[in-house]
Amino acid sequence: MSLLLGTTITISSNHWMMAWTGLEINTLAILPLISKPHHPRAIEAAVKYFLVQAAASALVLFSSMSNAWATGQWDITQLSHPMSCLLLTVAIAMKLGLVPFHFWYPEVLQGSSLTTALLLSTVMKFPPITILFLTSHSLNPTLLTSLAIASTALGGWMGLNQTQTRKIMAFSSIAHLGWMTIILIYNPKLTLLTFYLYTLMTTTVFLTLNTTKTLKLSTLMTSWTKTPMLNTTLMLTLLSLAGLPPLTGFLPKWLIVQELTKQEMTTAATIMAMLSLLGLFFYLRLAYYSTITLPPNSTNHMKQWHINKPTNIPTAILTSLSALLLPISPMILTTL
């Protein structure tokens, strides 16, 4: 309830104090969920998350107060003081986990359960992205482009040598945030579309991993024995998340590259497209492991053979949407 309340307050407010209140409620609501498993890693993750989010919220408050001091305006859309714009960009980058403020994010996700990691990757990112959306006209394009390219590069690079699925999803999230940030100033609606599609695909992956209880690549190799069909569709979802053409995930990348080219930012578009190949590599590795029939060497994990589980309708719907939304993309674009 508090998560819903905090998110609703932030996305519907036009006064800085209300937006800050919503962000604080959200932070306090997610902390019990992170620390619920009584485990040192979970407590460590909760403390890290709290410290980073508290510092970022303090920066949001400071930037809005300095803007109000200079301009007399508390309206979110009236952010015009240059120092306030800079501070707000830093604060939201901390909240989202953009490079160079990304250090906490993979660690917190690794210390959380898969369900909490899903909330941290989707719901908790919505309020900060909304604030960026509302203030996009007054932010610094050079700074945002630098943050975006660095995030996409690091997200792809660091994901290459990971064996924990939650850490891989964390670096995947950082890379996708880079794509959202680079287009924010030129076409804010495209940022929201990218976020919605990213949420859809990430939710599908996390729900699938949760069903098969997969936390590492070694268990992903043998999870085909539990739910063969679900694992096959997981491969499609992962390739969609990588942005391969016939699948849903290609839509936002295609539109962003097109918009950057229109804005005469061909170099940035080329760099982003090249850096997404790094991400493609580890998505392909995950997809290969999810459909492999025999591990290449002897494994310590006991194979759990297929058992009839109750049908999970939401996962089925989300999986279909994650792979097959591209044909109706003209309809999505006309609504934009």
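Just so it is clear, the structure is predicted and the values come from calculations on it, not from any experiment.

**Some words on the domain arrangement of the protein**
Frequently, the measure chosen for interface size is the accessible area removed from exposure when the parts meet. For the protein, the assigned domains read domain 1 (1–139) and domain 2 (140–335). Computed from C-alpha coordinates alone, the two centres of domain 1 and domain 2 are separated by 23 Å. At the interface, 30 residues of domain 1 touch 37 residues of domain 2. Together domain 1 and domain 2 conceal approximately 2,900 Å² of surface at their shared face, both sides included; 78% is due to carbon and sulfur atoms. Of all residues in domain 1, the largest losses of buried area upon contact with domain 2 belong to Val99, Gln110 and Leu114, amounting jointly to 23% of the total for that side. For the pair domain 1 and domain 2, the number of links is one salt bridge. A salt bridge links Lys167 to Glu107; the shortest N-O distance between them is 3.6 Å. The tally of links from domain 1 across to domain 2 stands at five residue pairs in polar contact (both at pLDDT 80 or more). Those elements giving two or more residues to the side of domain 1 that touches domain 2 turn out to be helix H4 (82–96), helix H5 (104–111), helix H6 (114–121) and helix H7 (126–135). Tallied by class, residues from the side of domain 1 that touches domain 2 come to 17 nonpolar, eleven polar and two charged.

**Some thoughts on the packing of aromatic side chains**
Evaluated as defined, the whole model comprises eight aromatic pairs. With a centroid separation of 6.4 Å and 55° between ring planes, the pair formed by Phe126 and Tyr196 is classed as tilted. Taken together, the residues Phe126 in helix H7 and Tyr196 in helix H10 (residues 188–211) connect sequence positions 70 residues apart. Its relative accessible area of 44% is what places Tyr196 among the partly exposed residues.

**Description of unusual backbone geometry**
In this structure, Pro100 follows Val99 across a cis peptide bond, with omega equal to 5°. For Pro100, the position within the fold is in the loop between H4 and H5. Although it is not a glycine, Lys213 sits at a positive phi angle of roughly 55°. One can find Lys213 in the loop between H10 and helix H11 (217–222).

**What about the packing of H10 against helix H13 (residues 250–262)?**
Where H10 contacts H13, the two axes come as close as 9 Å, and the packing angle between them is 160°. In terms of orientation, H10 and H13 fall into the roughly antiparallel class. Between H10 and H13 the crossing geometry is left-handed. Where H10 approaches H13, its residues Leu190, Leu193, Thr194 and Leu197 are matched on the opposing element by Leu251, Pro252, Leu255, Ile256 and Glu259. Of the residues that constitute the contact of H10 with H13, the class distribution is seven nonpolar, one polar and one charged.

**Quick word on the nonpolar core**
One finds Ile34, Tyr49, Leu88, Leu120 and Ile182 to be the most contacted residues of the largest nonpolar core, which totals 87 residues. A total of eleven residues in this core trace back to one element, the largest contributor, which is H10. Per-domain counts for this core show at least three residues from each of domain 1 (1–139) and domain 2 (140–335). Dropping the residues within four chain positions of it, Ile182 is found in contact with Thr145, Ala148, Ile149, Ile256, Leu260, Ala268 and Met272.

Calculation criteria
- Residues numbered from 1 in each chain as written.
- Predicted model: local features only at pLDDT ≥ 70, side-chain atom pairs only at ≥ 80, totals over all residues.
- Heavy atoms only, no water.
- Domains from an automatic or database assignment.
- Contact = heavy atoms within 4.5 Å.
- Buried area = accessible area lost by both parts, 1.4 Å probe.
- Salt bridge = Lys/Arg side-chain N within 4 Å of Asp/Glu carboxyl O.
- Polar contact = N/O pair within 3.5 Å; in protein donor to acceptor, adjacent residues only side chain to side chain.
- Helix = DSSP H or I, 4+ residues; strand = E, 2+ residues; numbered from the N terminus.
- Nonpolar A, V, L, I, M, F, W, Y, C, P; charged D, E, K, R; others polar.
- Phe/Tyr/Trp six-rings, centres within 6.5 Å; stacked < 30°, edge-to-face > 60°.
- Buried < 20%, exposed > 50% of the residue type's maximum accessible area, 1.4 Å probe, protein only.
- Axes fitted to C-alpha atoms, helices over the stretch in contact; angles between N-to-C directions.
- Parallel < 35°, antiparallel > 145°, perpendicular 65-115°, else oblique.
- Left-handed = near helix turned anticlockwise from the far one by under 90°.
- Core = buried A, V, L, I, M, F, W, Y, C linked by side-chain atoms within 4.5 Å.

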